[in-house]
Amino acid sequence: QVQLVESGGGLVQAGGSLRLSCAATRSILSSNVMGWYRQQPGKQRELVATITSGGSTNYADSVKGRFTISRDSAKRTVYLQMNSLKPVDTAVYYCNVQIFGVTVSWGQGTQVTVSS
């Protein structure tokens with residue numbers, strides 16, 4: 001089973017930037033969707049952004065224009081560049097991979113904290 005290893009979380013001031021990385025420990029079926037989700041205390045996990053193996057992207061309205069998802073298939077890694085961060089972006093961020101619409105793995109989560 002593929003495992004996802006995340007890195008890049010931390011504490012940043014409002015208006016700052018962070019880049020999250022998520023590396024798969026083994027090859028994934030070429031037709032897949034990788035994405036980032038986040039979960040705030042007491043709330044359900046929500047979609048942040050996804051990217052297909054072909055490079056098509058999808059973003060939550062709340063992060064459009066601020067966050068950019070990208071991937072390096074050769075490195076089996078997906079990235080989330082987060083700019084103009086706001087305190088409401090504070091959450092645990094999880095990496096995810098789906099094949100044919102089915103989740104095959106979640107990362108362990110990385111904390112992002114944005115101070116005002």
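Each remark here, short or long, concerns the structure printed above.
Criteria and cut-off values
Residues numbered from 1 in each chain as written. Predicted model: local features only at pLDDT ≥ 70, side-chain atom pairs only at ≥ 80, totals over all residues. Heavy atoms only, no water. Helix = DSSP H or I, 4+ residues; strand = E, 2+ residues; numbered from the N terminus. Rg over C-alpha atoms; globule rule 2.2 N^0.38 Å. Buried < 20%, exposed > 50% of the residue type's maximum accessible area, 1.4 Å probe, protein only. Contact = heavy atoms within 4.5 Å. Areas by Shrake-Rupley, 256 points an atom, 1.4 Å probe, with all protein chains shown as cover. Lys, Arg positive; Asp, Glu negative; His and termini not counted. Charge placed at Lys NZ, Arg CZ, Asp CG, Glu CD. Phe/Tyr/Trp six-rings, centres within 6.5 Å; stacked < 30°, edge-to-face > 60°.

Our focus in this paragraph is the overall build of the chain. The helix and strand inventory of the chain stands at zero helices and eleven strands. Along the chain, helices and strands appear, N-terminal first, in the series β-β-β-β-β-β-β-β-β-β-β. Relative to the compact-globule value of 13 Å for 116 residues, the chain shows a C-alpha radius of gyration of 13 Å, a close match. By its C-alpha atoms, the chain is 40 × 25 × 25 Å across when sized along the principal axes. The buried share of the chain, reckoned over its 116 residues, is 42%. Across the chain, contacts joining residues at least 24 apart in sequence account for 53% of those joining residues at least 6 apart. Accessible area for the chain stands at about 6,000 Å²; split by element, carbon and sulfur atoms hold 49% of it. Considering the chain, the positive charge centre built from 11 side chains and the negative charge centre built from 5 side chains are found 4 Å apart.

This part covers the packing of aromatic side chains. Enumeration over the complete set of coordinates arrives at two aromatic pairs. Geometrically, the ring pair formed by Tyr-37 and Trp-106 is edge-to-face, given 5.2 Å between the ring centres and 75° between the ring planes. Placement of Tyr-37 in strand β4 (residues 33-39) and of Trp-106 in strand β10 (residues 102-106) is noted, with a sequence separation of 69 residues between them. Owing to a relative accessible area of 15%, Tyr-37 belongs among the buried residues under this scheme. A centroid spacing of 6.4 Å and a plane angle of 85° characterise the contact between Tyr-94 and Trp-106, whose relative ring orientation is edge-to-face. Remark: Trp-106 occurs in strand β10 and Tyr-94 occurs in strand β9 (residues 91-99); sequence separation between them is twelve residues.

By themselves, these figures tell us nothing about what the structure is for.
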